[in-house]
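# Structural characterization, general
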Amino acid sequence: MIPADEQLIDVHAHFVTPSYVQAATAAGHTHPDGMPGYPQWSATEHLDLMDRTGIRTSLLSISSPGTHFGDDQAARALSREVNEYAADVVREHPRRFGHFASLPLADVDASLDEIAYALDVLDSDGVTIESNAHGAYLGDARFEPLWQELNRRRAVVFVHPTSPRCHEAVSVNRPRPMLEFIFDSTRTVSDLVFNGVLTRHPDIQWVFTHGGGTLPLLADRMELFRAAFHDSAPDTPTVPEQLRALWFDMAGTPFPHQVPALSAAFGTDRLLYGSDYCWTPAEAAAAQIASVDAAAQPGGETWRALTTRNAAALLTRLSI
């Protein structure tokens, strides 16, 4: 029996519904982000994986391509539908599931309405957005009302990568989650930094995926350019300092290189566990957890205990 403090809290877990897949497919996302198709999801199968691998709680979210496919009204309706569906799952399985509510970006007014409904009525644990909204990155000035509201609420914002607008030119017909997702997360964090969003809204609890992508390697280079060409004011936090205030999950291939690089760059006090199920198949998710357990553990404890403690600090409703 895995001790309670080592039962994982999975902040990067997905669900789909038949109506969501139908809506996305009808909008042209037949091969989402270059993948062959959509996975299936059920609470029963998800709970089976959780019980087999020692996951106490999974935070459900809709993955890329999100809920806005070009029509504002349809996006509002689809976001509300999937959010209410997930809230029902959480009510049926309290403490086993949580939920990050989808927002219909790039419709800012509708997203503000959905924030209020999700956080005040559905009791969602935070919100999820993609790394860009139809090509607009998250530092774009049009999103400022959104960040003001989320900062006021001290909300958790789970940022999932998506395909860049230029993917046809750069992905060379390979699935975009392999490379483009990683670069797009880095690109949108850079946009938040260089447009001052992180310093203007320090109470938003941003969660980024896949060990920070290439940020551990590029943070110093970003700082070089910030200080030389953008903002050399002595009271502005450096790029590495700003990035240390973000949260990062370890979805993907955390060992042997991803988590050590992230830990060396930003520390481990904001490191979270993420499986990426159901887009990562159950057996692959189980193998990834086995790799976490088999890796060299942090001094005096385990990766399980460390990430669970961090997640409980971020998501106080899920504290032991």
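Okay, so let's go over this structure.

## Remarks on the side chain of serine 102
As for its position among the elements, serine 102 is in strand 3 (residues 97–102). On the accessibility criterion, serine 102 (5% relative accessible area) is buried. Once residues within four sequence positions are removed from consideration, serine 102 is found in contact with Ile62, Thr67, Ser79, Val82, Asn83, Glu114 and Thr128.

## Brief notes about the sheet that holds strand 4 (residues 126–130)
Strand pairing in a sheet relies on backbone hydrogen bonds, with the paired strands running either antiparallel or parallel. As summarised here, the arrangement of the 8 strands in space is 1-2-3-4-7-8-9-10, forming an open sheet in which the pairing is parallel. Every interior strand has two partners, whereas the edge strands, strand 1 (8–14) and strand 10 (271–272), have only one. Relative to strand 7 (residues 156–160), strand 4 runs parallel, the two being bridged by 4 bridges. Residue pairing in the sheet places glutamate 130 in a bridge with histidine 160 of strand 7. The sheet strands contacting helix 7 (residues 180–194) are strand 7 and strand 8 (205–208), and the helix crosses strand 8 at an angle near 155°.

## Some details on the packing of aromatic side chains
Summed over all chains, the structure comprises 13 aromatic pairs. Ring centres of phenylalanine 248 and phenylalanine 266 lie 5.6 Å apart, and the angle between their planes is 15°; this geometry places the pair in the stacked category. One end of the pair, phenylalanine 248, is in strand 9 (residues 247–249); the other, phenylalanine 266, is in helix 11 (residues 254–266), with 18 residues separating them in the sequence. Phenylalanine 266 gets classed as buried once you look at its relative accessible area, which sits at 7%. One aromatic cluster is present, formed by Phe15, Trp41, Tyr85 and Phe97 through successive ring pairs. Here the guanidinium or amino end of arginine 80 rests over the ring plane of tyrosine 117, the centre of that ring lying 3.7 Å away. Positioned above the aromatic ring of phenylalanine 143, the side-chain terminus of arginine 142 is 5.9 Å from the ring centre.

## Comments concerning empty space enclosed by the protein
In total, this model carries 1 cavity of 30 Å³ or more according to the counting rule given. The space that makes up the largest cavity amounts to roughly 40 Å³. Lining the largest cavity are Leu243, Arg244, Leu246, Phe248, Leu262, Phe266, Gly267, Arg270 and Leu271. Residues of the lining of the largest cavity, tallied by class, amount to 6 nonpolar, 1 polar and 2 charged.

## Comments concerning the pattern of salt bridges
Considering all chains together, one arrives at 17 salt bridges under this definition. Between arginine 52 and glutamate 283 there is a salt bridge; the shortest N-O distance is 3.2 Å. Separated by 231 residues along the polypeptide, arginine 52 in helix 2 (residues 43–53) and glutamate 283 in helix 12 (residues 282–294) bring together distant segments of the chain. Among the residues examined, arginine 52 registers a relative accessible area of 43% and is labelled partly exposed. A salt bridge links arginine 153 to glutamate 149, with the nearest nitrogen and oxygen atoms 2.7 Å apart. By relative accessible area, which is 24% here, arginine 153 ends up partly exposed. Three or more residues joined by partner-sharing salt bridges are found here, namely Asp120, Glu149, Arg152 and Arg153.

## Remarks on a nonpolar patch on the surface
A cluster of nonpolar side chains, namely Met178, Leu179 and Phe183, defines an oily patch on the protein surface of about 280 Å² accessible area. On the basis of relative accessible area, methionine 178 is assigned to the partly exposed category, the value being 49%.

## A closer look at the pairing of strand 7
The buried fraction of strand 7 is high, at 5 of 5 residues. Because side chains alternate across strand 7, one face comprises the buried residues Val156, Phe158 and His160, and the other comprises Val157 and Val159, equally buried.

## What about the pairing of strand 1?
Residues in a regular strand project their side chains so that they alternate between the two faces of the sheet. Here strand 1 lies mainly inside the structure; 7 of its 7 residues are buried. Here 5 bridges tie strand 1 to strand 2 (residues 55–61), and the two strands are oriented parallel to one another. When the bridges of strand 2 are listed, histidine 14 appears paired with serine 61.

Basis of the calculations
Residues numbered from 1 in each chain as written. Predicted model: local features only at pLDDT ≥ 70, side-chain atom pairs only at ≥ 80, totals over all residues. Heavy atoms only, no water. Helix = DSSP H or I, 4+ residues; strand = E, 2+ residues; numbered from the N terminus. Buried < 20%, exposed > 50% of the residue type's maximum accessible area, 1.4 Å probe, protein only. Contact = heavy atoms within 4.5 Å. Pairing = 2+ DSSP bridges. Axes fitted to C-alpha atoms, helices over the stretch in contact; angles between N-to-C directions. Phe/Tyr/Trp six-rings, centres within 6.5 Å; stacked < 30°, edge-to-face > 60°. Lys NZ or Arg CZ within 6 Å of the ring centre and 35° of its normal. 1 Å grid on protein atoms, 1.4 Å probe; cavity = no way out; pocket = protein on both sides within 12 Å on 5 of 7 lines; lining within 4 Å. Points joined across faces, edges and corners; volume = space filled by probe spheres on them. Nonpolar A, V, L, I, M, F, W, Y, C, P; charged D, E, K, R; others polar. Salt bridge = Lys/Arg side-chain N within 4 Å of Asp/Glu carboxyl O. Patch = residues over 30% accessible without salt bridge, like charges linked within 9 Å, V, L, I, M, F, W, Y side chains within 5 Å. Areas by Shrake-Rupley, 256 points an atom, 1.4 Å probe, with all protein chains shown as cover.

That's the geometry; what it means functionally is another story.
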